[in-house]
Amino acid sequence: MSSSSTMARILIKGGKVVNDDCTQEADVYIENGVVQQVGRELMIPGGAKVIDASRKLVMPGGVDTSVHLQETFMNAATADDYYSGTKAALAGGTTMVIGHVLPEKNESLLEAYENCRSMADPKACCDYALHVGVTWWGPKVQAEMEKLVREHGVNSFQLFMAYKDQFMLRDGELFQALQHCKDIGAVARVHAENGELVAEGTKETLDLGITGPEGIEISRPEELESEATHRAITIANRVHCPIYLVNVSSMSAGDVVASAKMQGKVVHGETTVAHAVLNGLQYYHQDWAHAAAYVTAPPLRLDPNTPNYLMSLLGNDTLNVVSSDHRPFTINQKAMGKDDFTKIPHGVPGIQDRMSVLWERGVVGGKLDENQFVAVTSSNAAKIYNLYPRKGRIVPGADADIVVWDPEGSKTITVETQVQGGDTNLYEGLRCHGVPIVTISRGRLVYENGVFTCAEGSGKFYPLRTFPDFLYKKMVQREKCTALKPVEREPYTGEVVEVVVSGRRDFGCSDLDTPTRPCTRHGGVRDLHGSSFSFSGAQIDDSLPKRSSARILAPPGGRSSGIW
């Protein structure tokens, strides 16, 4: 786009401005990529493009916190690069995405980050940022995390408890990674599934002869997610690190998050639009290609009540964010696992339809109001990742990332007209009431009534600051209040008894060593506390001479008497 279009003046007139905490009738004036004025009867210079928003909602552009663009995963390359993916995002009302950098095991985090930037910068159509995956652990990873935070604008790291032998961190490594995230002020994103038991469940499922897409649901039951969720929260709480749980997919995992919040722990949760709308019955469809299209991890849950429950958790602020977790593959790519479900690439599309589908099932369905919709699609994400109020809010001084939303408009989702990549759409045939008609990115009119005016590479990398107040303000204060201190007392000055064990003096044992029981036999008397068990079958009284008979004076139960 030309520089003049970048600097255009825009007046959005006659609409209702919707933020996460209020709705007001107001006009919005934009200049130099920034919101300049919000209110009625604005005094503005001439030459501004006027957008009529009568009977429309004017909302902050969406922030999609989890997209996988131009990525290779499970031997398959995603069907969207940073151009087609961000273009689809703008068509759906999303004006900023946060992508993933997933280094291979033992690969440098910095090199993987630089490689991703080199692919994204020339192609992105909207603002973007990056999460970096911590897929292995060591001093080098620790040093590179700090460098990414201080010099490269990264403020979030993805940690995996699943994908054994590929991305998974053991509990001790997770403890250290969370501790380091706290020290450098980063957002710790945790994918919580019990990787060890997923691996065992996968073997067991294959041994039963189950090789189709239903195997993903059978081998990864929701109890493995809820157990890992509880464990992750426990570890994070021990190191006083705020935790952000991603892809919360089940009712039981949602309950764990709710319980932790009730206890005052600093926990935030993200679900995906697929988990909040669809269920795992799709895996049992007779058409293999249809069933395989829904394969993701964690899987969609079999209980048909799950989507409604997750939507309710979004409504009561137990879960805070809805992402698309967009990772599109074609049916031909999914077919790599036609004889083995473990080889079906994990991932589903959704970057374009995230906001419309959530409006249909959440707002039209009566689970969310328009302000909560803005919160879970934009504002909460902006607060968590330290973007607020430049993103996620329409106020003077904020970036002009805005979507004009028609709550009365409708569209039918179909793969034939989608902008996003891939040859399937999970919501095929769904009629959505509530659609974006105008999208503005940093003051640029990039999408209007189905027409794109964005150029490849016109988006920018958005560096993120550390220590977001939304996560760390409460945690820092809490750590001060709960800091452990030794009891101040006068030193002990009395005598100390020395313990003699096996002819040597022992002044205590390490917590890591189990102390042996001292010998308590005296004068040939048997120690009744000692065990007489032996693997050889020998008994402690084998050396005593055998007796041919024994007279029992008092049989068990006492001596009999009376007529018996």
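For the structure given in this document, a descriptive report is provided here. Since this is a predicted model, take the numbers as computed values, not measurements.

Attention shifts here to the state of the cysteines. Enumeration according to the criterion identifies zero disulfides in this entry. In this model Cys125 remains outside any disulfide bridge; the closest cysteine sulfur is found in Cys454, 4.0 Å from its own. Using a relative accessible area of 0% as the deciding quantity, one classes Cys125 as buried. Cysteine Cys241 is unpaired, with the sulfur of Cys181 as its nearest cysteine sulfur at 5.6 Å. The buried category is assigned to Cys241, whose relative accessible area is 2%.

Attention now moves to the side chain of Gln420. Residue position: Gln420 is located in the loop between strand E18 (402-412) and strand E19 (431-441). The buried category is assigned to Gln420, whose relative accessible area is 4%. At 3.1 Å, the side chain of Gln420 forms a polar contact with the backbone nitrogen of Gln352. Separated by 3.4 Å, the side chains of Gln420 and Gln418 make a polar contact. Not counting the four nearest positions on each side in its chain, Gln420 is found in contact with Asp80, Ala88, His326, Pro349, Gly350, Ile351, Gln352, Asp353 and Asn425.

A few words on the packing of helix H5 (residues 171-184) against helix H8 (residues 222-238). Packing of H5 against H8 brings their axes to within 9 Å, and their N-to-C directions diverge by 50°. With respect to their mutual orientation, H5 and H8 come out oblique. Crossing hand, H5 versus H8: right-handed. Here Asp171, Leu174, Phe175 and Leu178 of H5 lie close against H8, whose contacting residues are Arg231, Ala232, Ile235, Ala236 and Arg238. Counted by class, the contact of H5 with H8 contains six nonpolar, no polar and three charged residues.

So, about empty space enclosed by the protein. Picture a little ball the size of a water molecule; that probe, rolled over the atoms, points out where space is still empty. Using the criterion set out here, one finds five cavities of 30 Å³ or more in the structure. In this structure, the largest cavity spans a volume of roughly 120 Å³. The wall of the largest cavity is formed by 16 residues, among which His68, Gln158, Phe160, Asn247 and Arg327 lie closest to the centre. Those elements giving two or more residues to the lining of the largest cavity turn out to be strand E13 (156-160) and strand E14 (187-191). Split into classes, the residues belonging to the lining of the largest cavity amount to six nonpolar, seven polar and three charged.

Let us look at the pattern of salt bridges. Applying the stated criterion across every chain yields a total of 25 salt bridges. Of the charged contacts in the structure, one is a salt bridge between Glu227 and Arg231, with a shortest N-O distance of 2.8 Å. Of this pair, Glu227 and Arg231 both sit in helix H8, separated by four residues, roughly a single helical turn. Assessed through its relative accessible area of 32%, Glu227 is described here as partly exposed.

Looking now at helix H9 (residues 251-262). With twelve residues, H9 ought to run about 16 Å at 1.5 Å a step, and its terminal C-alpha atoms sit 16 Å apart, in line with that. Within H9, the full set of buried residues consists of Met251, Ala253, Gly254, Val256, Val257 and Ala260. The secondary structure elements touched by the buried residues of H9 are H8, strand E15 (243-246), strand E16 (267-272) and helix H12 (306-315). Among the residues trailing H9, Gly264 stands out with phi positive, at a value near 90°.

What follows deals with the nonpolar core. Residues Met59, Met145, Phe157, Leu159, Leu178, Leu245 and Tyr427 are the most contacted members of the largest nonpolar core, which totals 112 residues. With sequence-adjacent residues up to four places away left out, Leu245 is seen in contact with Val190, Ala192, Thr229, Ala232, Ile233, Val257, Val267, His268, Gly269 and Glu270.

This paragraph deals with the pairing of E19. Most of E19 sits out of view: nine of its eleven residues are buried. Taken together, the eight bridges between E18 and E19 define a ladder with antiparallel strand orientation. Note that in E19 the partner of Ile402 across the bridge is Ile440. Note that E19 and strand E20 (residues 444-448) share four bridges and pair antiparallel. Looking at E20, one finds that Ser441 is bridged to Arg444. What sits between the antiparallel neighbours E19 and E20 is a turn of two residues, in which Arg442 has the positive phi angle 50°.

Reading guide: rules and limits
- Residues numbered from 1 in each chain as written.
- Predicted model: local features only at pLDDT ≥ 70, side-chain atom pairs only at ≥ 80, totals over all residues.
- Heavy atoms only, no water.
- Disulfide = S-S within 2.5 Å.
- Buried < 20%, exposed > 50% of the residue type's maximum accessible area, 1.4 Å probe, protein only.
- Helix = DSSP H or I, 4+ residues; strand = E, 2+ residues; numbered from the N terminus.
- Polar contact = N/O pair within 3.5 Å; in protein donor to acceptor, adjacent residues only side chain to side chain.
- Contact = heavy atoms within 4.5 Å.
- Axes fitted to C-alpha atoms, helices over the stretch in contact; angles between N-to-C directions.
- Parallel < 35°, antiparallel > 145°, perpendicular 65-115°, else oblique.
- Left-handed = near helix turned anticlockwise from the far one by under 90°.
- Nonpolar A, V, L, I, M, F, W, Y, C, P; charged D, E, K, R; others polar.
- 1 Å grid on protein atoms, 1.4 Å probe; cavity = no way out; pocket = protein on both sides within 12 Å on 5 of 7 lines; lining within 4 Å.
- Points joined across faces, edges and corners; volume = space filled by probe spheres on them.
- Salt bridge = Lys/Arg side-chain N within 4 Å of Asp/Glu carboxyl O.
- Expected span 1.5 Å × (residues − 1).
- Core = buried A, V, L, I, M, F, W, Y, C linked by side-chain atoms within 4.5 Å.
- Pairing = 2+ DSSP bridges.

By themselves these figures say nothing about function.
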